[in-house]
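Coordinate analysis (summary)
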Amino acid sequence: MTEAYEMHATTVIAIKRGGKLVMAADGQVTMGSTVVKAGAKKVRRLYHDKVLAGFAGATADAFTLFERLEGKLEAYAGNLPRAAVELAKDWRMDKSLRRLEALLLAADKEHLLLISGSGDVIDPEGEVAAIGSGGAFALAAARALMKHSQLAPEELAREAMAIAAEICIYTNHNIVVEEL
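Structure report, in brief.

We now examine the overall build of the protein. Along the backbone of the protein there are five helices and eleven strands. Computed over C-alpha atoms, the radius of gyration of the protein comes to 15 Å, within 12% of the 16 Å expected from 2.2 N^0.38 for 180 residues, which places it in the range of a compact globule. Over its C-alpha atoms, taken along the principal directions, the protein stretches across nearly 40 × 40 × 25 Å. Evaluated residue by residue, the protein yields a buried proportion of 52% over its 180 residues. Partitioning the contacts of the protein with sequence separation of at least 6, the portion at a separation of at least 24 is 62%.

Dropping the structure here:
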């Protein structure tokens, strides 16, 4: 992750395994060094419940991006890669969107994508991706658990998030998991 997108915000992880996809996020919302909410929902179902999207960053910015992604999914008949590319183009080129401070993970049964405001749409290697201030911790934990266990995707996500919450002060143990 580049310095411009180093978030002190949250942790979101997406894992594909055994034909299932899960996305999990913690619920902590901070303002500076103060926790203002412990149970926020940072993962949403989009496009007729066929796409999961999670955000790390400013809450108001995330709602804007969820709405924009939903609109792109509608415009491109649920084609997630195309919708993600079009969102990234808008995000990078539109003056008001350019100021948004967030990262998105978006996934359907076939695709797992990281979308950034610098115009990046990344299809990560492997079957796992994570964003946010605790993203690297959750990602490392999930990769190790995937390699050395047969845990189901939801259990993998919960364990990886628990490890991230033990290390990252911007991540709590109030985990929400959505599954496709």
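More follows now that the structure is in view.
This brings us to the side chain of Asp61. You can see Asp61 is positioned in helix H1 (residues 59-75). Its relative accessible area of 15% is what places Asp61 among the buried residues.

For strand S7 (residues 102-107), a buried count of six out of six residues is recorded, marking the element as mostly surrounded by other parts of the structure. Side chains Ala102, Leu104 and Ala106 project from S7 onto one buried face, and the interleaved Leu103, Leu105 and Ala107 project onto a second face that is buried too. The pairing of strand S6 (residues 51-57) with S7 spans six bridges and is classified as antiparallel. Bridge pairing links Gly57 to Ala102 in S7. The pairing of S7 with strand S8 (residues 112-116) spans five bridges and is antiparallel. By the bridge assignment, Ala106 is partnered in S8 with Leu113. In this structure, the hairpin formed by S7 and S8 is closed by a connection of four residues.

Right, let's talk about unusual backbone geometry for a bit. With a phi close to 65 degrees, Asp49 is a non-glycine residue in the positive phi region. One non-glycine residue with positive phi stands out, namely Ala77, at about 50 degrees. Summarising the element assignment, Ala77 is placed in the loop between H1 and helix H2 (80-93).

Attention now moves to the packing of aromatic side chains. A full pass over the atoms with the stated rule returns one aromatic pair. Geometrically, the ring pair formed by Phe55 and Phe66 is edge-to-face, given 5.6 Å between the ring centres and 80 degrees between the ring planes. With Phe55 in strand S6 and Phe66 in helix H1, this residue pair connects regions lying eleven residues apart in the sequence. Comparing Phe55 with Phe66 shows no difference in burial state: the two are buried.

This paragraph deals with the sheet that holds strand S2 (residues 20-25). Reading across from one edge, S10-S1-S2-S11 is the order of the four strands in this open sheet, with antiparallel pairing throughout. With partners counted over all chains shown, the strands left at the sheet margins are strand S10 (128-132) and strand S11 (176-179), one partner each. Ignoring strand direction, the axes of neighbouring strands in this sheet form an average angle of 15 degrees. For strand S1 (residues 11-17) and S10, the ladder comprises five bridges, and the chain directions are antiparallel. Opposite Ile15, over in S10, you have Val128 as the bridge partner. Lying on the sheet, helix H4 (residues 135-148) is in contact with S1 and S10; it crosses S10 at an angle near 160 degrees. In this fold helix H5 (residues 153-167) packs onto S1, S2 and S11, with an angle of close to 150 degrees to the strand it touches most, S1.

A complete count under the given rule lists eight salt bridges for this structure. The salt bridge partner of Asp90 is Lys72, with a shortest N-O separation of 2.7 Å. One end of the pair, Asp90, is in helix H2; the other, Lys72, is in helix H1, with 18 residues separating them in the sequence. The class for Asp90 is partly exposed, based on a relative accessible area of 24%.

Quick notes on the rules
- Residues numbered from 1 in each chain as written.
- Predicted model: local features only at pLDDT ≥ 70, side-chain atom pairs only at ≥ 80, totals over all residues.
- Heavy atoms only, no water.
- Helix = DSSP H or I, 4+ residues; strand = E, 2+ residues; numbered from the N terminus.
- Rg over C-alpha atoms; globule rule 2.2 N^0.38 Å.
- Buried < 20%, exposed > 50% of the residue type's maximum accessible area, 1.4 Å probe, protein only.
- Contact = heavy atoms within 4.5 Å.
- Pairing = 2+ DSSP bridges.
- Phe/Tyr/Trp six-rings, centres within 6.5 Å; stacked < 30°, edge-to-face > 60°.
- Axes fitted to C-alpha atoms, helices over the stretch in contact; angles between N-to-C directions.
- Salt bridge = Lys/Arg side-chain N within 4 Å of Asp/Glu carboxyl O.

So yeah, pure geometry; function would need other evidence.
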